[in-house]
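Residue-level structural notes
Here's the letter readout for the chains.
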Amino acid sequence: MQRQVRRWRREGVRVGFVPTMGYLHDGHLGLVRRARRLVGPNGQVVVSIYVNPTQFSATEDLSKYPRDLTRDKTLCAAAGVDAIFFPDDKQMYPGRAEGDYSTYVVEERLSQGMEGAARRTHFRGVTTVVAKLFNIVQPDVAVFGAKDWQQAAVIRRMTTDLNFPLRVVVAPTQRERDGLAMSSRNVYLSSDERRQATVLRRSIQFARRAVSGKGASASRLKMQIARLISLEPTARLDYVEFFDPDTLLPMAPRRGAQMALAVFIGKTRLIDNERL
Ligand code: AMP
């Protein structure tokens with residue numbers, strides 16, 4: 001990958017980059033289309049596929065995370081991806097299996113709440129792997145999904161703070177017809193759970209209606225959303241927050257505030273967010 005990128009850069013070719021964990025869906029492909037528009041027809045679009053172990057805790061779904069490289073290759077080819085970077089753990093974390101890997105990248109502010117509070121070592125893994133991928137792929141522009149709003153904010157901050165010479169672009173969340181945000185993890189859901197999973201989007205719509213006048217109280221709205229979620233037999237609210245879309249600081253729920261929530265549907269943990 002590094003040799004290939006050196007060649008492209010010598011030729012003045014622009015490189016667009018979409019990091020993923022694979023098991024691709026239309027959400028990922030939306031990022032690919034955005035990367036293509038950003039680098040133009042003569043640019044190169046690189047997709048990385050790597051299920052990054054350091055962003056999973058010991059109790060999470062690393063070993064059963066869905067994988068299908070053959071299908072991913074077909075989807076990438078159809079979407080006009082120029083190169084797939086598919087590293088293994090030995091390349092990304094030399095020595096780690098033997099306990100001999102020791103350098104991590106940590107963002108200390110935006111990564112504290114929400115996903116960072118629920119998953120203590122998650123963002124350390126994300127910032128570390130994305131920094132490594134940036135160093136390997138050396139893109140001019142990298143595209144991330146609004147689906148993972150906090151992640152995009154953390155990556156943007158890391159890119160600025162560490163002077164990575166590239167632009168970070170965030171592309172909109174792609175949804176199924178009933179509003180469920182596309183996610184590789186949706187395959188974990190039984191058909192009954194799949195129906196219940198629309199409660200994330202319905203919670204956002206509920207909040208939107210609630211703030212459409214002069215806003216609402218955060219604690220009251222959180223309680224109402226918790227109640228809405230509890231109506232689904234296997235759903236359990238992990239968190240719901242209202243915050244400033246840029247700083248991620250808590251904000252009263254009103255128009256322009258960002259809302260994010262995490263909900264367990266059975267054993268599957270789903271997240272979603274939207275601007276109110
Ligand atoms: P993942 O493979 O889940 O790590 O996601 C890789 C990238 O795709 C991240 O930037 C995600 O935010 C983005 N992504 C995942 N799902 C969606 C979606 N439904 N719509 C837009 N982007 C998404």
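Residues numbered from 1 in each chain as written. Predicted model: local features only at pLDDT ≥ 70, side-chain atom pairs only at ≥ 80, totals over all residues. Heavy atoms only, no water.

Moving on to the layout of surface pockets. By volume, the second largest pocket amounts to about 260 Å³. Forming the boundary of the second largest pocket are 14 residues, of which R109, T247, L248, L249 and P250 lie nearest the centre. The element contributing the most residues to the lining of the second largest pocket is strand 6 (residues 235-243), with three residues. Both domains that meet at the lining of the second largest pocket, namely domain 1 (2-171) and domain 2 (184-275), each give it at least three residues. (1 Å grid on protein atoms, 1.4 Å probe; cavity = no way out; pocket = protein on both sides within 12 Å on 5 of 7 lines; lining within 4 Å. Points joined across faces, edges and corners; volume = space filled by probe spheres on them. Helix = DSSP H or I, 4+ residues; strand = E, 2+ residues; numbered from the N terminus. Domains from an automatic or database assignment.)

One open sheet accounts for five strands, arranged 3-2-1-4-5; its pairing is parallel. Taken across any chain shown, the strands that pair with only one partner, and hence form the sheet edges, are strand 3 (83-85) and strand 5 (167-171). Each adjacent strand pair in this sheet contributes to an overall mean axis angle of 25°, direction not counted. Bridge count for strand 1 (residues 15-20) against strand 4 (residues 141-145) is two bridges, and the pairing is parallel. For F17, the partnering residue across the bridge sits in strand 4 and is A142. (Pairing = 2+ DSSP bridges. Axes fitted to C-alpha atoms, helices over the stretch in contact; angles between N-to-C directions.)

Here the focus is empty space enclosed by the protein. Across all of its chains, the model carries one cavity of 30 Å³ or more by this definition. Here the largest cavity defines a volume of roughly 40 Å³. Every residue lining the largest cavity is listed: K147, L180, A181, S183, N186, L200, L270, I271 and D272. Ranked by residues supplied to the lining of the largest cavity, first place goes to strand 8 (residues 268-275) with three residues. Considering only residue class, the lining of the largest cavity consists of five nonpolar, two polar and two charged. (Nonpolar A, V, L, I, M, F, W, Y, C, P; charged D, E, K, R; others polar.)

Before going further, it helps to spend a moment on the sheet that holds strand 7 (residues 258-265). One open sheet holds the three strands; their spatial order is 6-7-8, and the pairing between them is antiparallel. Looking at which strands have only one partner, the edges of the open sheet turn out to be strand 6 and strand 8. Sheet twist, expressed as the average angle between the axes of neighbouring strands with direction ignored, equals 15°. Where strand 7 and strand 8 come together, eight bridges link them in antiparallel fashion. Along strand 8, the bridge assignment pairs M259 with E274. Sheet contacts for helix 9 (residues 199-210): strand 6, strand 7 and strand 8; angle to strand 8, the most-contacted strand, approximately 30°. (Contact = heavy atoms within 4.5 Å.)

Note that all results are geometric; they support no functional claim without further evidence.
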